[in-house]
Amino acid sequence: MSTAQWEFDPEVGGEMHLLCADVGVEAGLSRFLEAGDPIRWTIPERETLLVLEGAARIEIAGGPTLDLKAGDIASLPAGADTTWHLTTPFKEFWVIHR
């Protein structure tokens, strides 16, 4: 699959491109072309992300709020209840691992 091919992401909206899915790890790209309502998502496993374009304010329930822009890296713990406020267009590279 070419990185020019994107599919709808039913979990959080937007679009995603899955780069790999193997035992214990998934990696891919996500993008949002237009701003919408904040995205609420519970992180299934540890997620490490790199913001490639745009910005995100990620509120972590019971924890800090992260303000990320292009070039920033963050790692979110498994089970974190998060609310994402995106500045679009937004694109990230992410890795979910155990």
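These figures come from a predicted structure and were not determined experimentally.

S.K.: Just give me the short version of the side chain of threonine 82, but keep the residues and values in it.
M.R.: Looking at the secondary structure, you find threonine 82 in strand 8 (residues 81–97). Judged by its relative accessible area of 4%, threonine 82 falls in the buried class. Looking at threonine 82, its side chain comes within polar contact range of the main-chain oxygen of tryptophan 41, at 2.6 Å. One polar contact links threonine 82 to tryptophan 84, side chain to side chain, over a distance of 2.8 Å. Those residues in contact with threonine 82 that lie beyond four places of it in its chain are Ile39, Arg40, Trp41, Ile43, Ile58, Glu59 and Ile60.

S.K.: Before we move on, can you summarise the environment of glycine 71 with the specific residues and values?
M.R.: In this fold, glycine 71 is placed in the loop between strand 6 (65–69) and strand 7 (73–76). Given a relative accessible area of 52%, glycine 71 falls into the exposed group. When near neighbours in sequence (up to four residues on either side) are disregarded, glycine 71 contacts Leu50 and Val51.

S.K.: Lay out the environment of phenylalanine 32 in plain terms, naming residues and giving numbers.
M.R.: As for its placement among the helices and strands, phenylalanine 32 is situated in strand 3 (residues 25–32). The buried category is assigned to phenylalanine 32, whose relative accessible area is 12%. Taking the C-alpha atoms as reference, phenylalanine 32 lies 8.0 Å from glycine 13; in sequence the two are 19 residues apart. When residues no more than four places from it in sequence are discounted, the contact partners of phenylalanine 32 are Val12, Gly13, Gly14, Ile39, Leu86, Thr88, Pro89 and Phe90.

S.K.: Describe the side chain of serine 30, listing the residues and the values that go with them.
M.R.: Take serine 30: it is sitting in strand 3. At 2.9 Å, the side chain of serine 30 forms a polar contact with the side chain of tryptophan 94. Once you skip the residues sitting within four places of it in the chain, serine 30 turns out to touch Trp6, Glu15, Met16, Phe90, Lys91, Glu92 and Trp94.

S.K.: Can you tell me about unusual backbone geometry, naming the residues and giving the values?
M.R.: Between threonine 88 and proline 89 the backbone carries a cis peptide bond, its omega angle lying at 0°. Structurally, proline 89 can be placed in strand 8.

S.K.: Please provide a residue-by-residue account of the pairing of strand 7, values included.
M.R.: Every second residue of strand 7 is oriented toward a common face, the buried set being Ala74 and Leu76 and the non-buried set Ile73 and Ser75. Where strand 5 (residues 46–60) lies against strand 7, four bridges are found, and the strand directions are antiparallel. Counted as the bridge partner of threonine 48 is serine 75 from strand 7.

S.K.: If you had to explain the nonpolar core to someone new, which residues and values would you point to?
M.R.: Membership of the largest hydrophobic core comes to 19 residues, with the highest contact counts inside it found for Leu49, Trp84 and Leu86. Put simply, the parts of the chain that give this core at least two residues each are strand 4 (39–42), strand 5, strand 7 and strand 8. Aside from chain neighbours lying at most four places away, what touches tryptophan 84 is Pro38, Ile39, Glu47, Leu49, Ala56, Arg57, Ile58, Leu76 and Glu92.

Basis of the calculations
- One numbering rule holds for all chains: residues counted from 1, following each sequence as written.
- For this predicted model, a pLDDT threshold of at least 70 governs which residues receive local features, and a threshold of 80 or more governs which side-chain atom pairs are given and counted, while totals over whole chains, interfaces and linings are taken from all residues.
- Note: side-chain values were computed over all heavy atoms of the structure, leaving out hydrogens and water.
- Note on conventions: DSSP H or I runs of at least 4 residues are helices, E runs of at least 2 residues are strands, and numbering of each starts at the N terminus.
- Only protein chains enter the calculation, and the probe is 1.4 Å; a residue is then buried if its accessible area is under 20% of its type maximum, exposed if over 50%, and partly exposed in between.
- Throughout this description, a polar contact denotes any pair of N or O atoms lying within 3.5 Å of each other; where both atoms belong to protein, one of them has to be capable of donating a hydrogen while the other can accept it, and for residues adjacent in sequence the pair is counted only when both atoms sit in side chains.
- Contact between two residues is taken to exist if any of their heavy atoms lie within 4.5 Å; hydrogens are not considered.
- The criterion for strand pairing is that DSSP finds at least two bridges linking the strands in question.
- Among buried residues, the Ala, Val, Leu, Ile, Met, Phe, Trp, Tyr and Cys ones that are joined through side-chain atoms within 4.5 Å form a nonpolar core.

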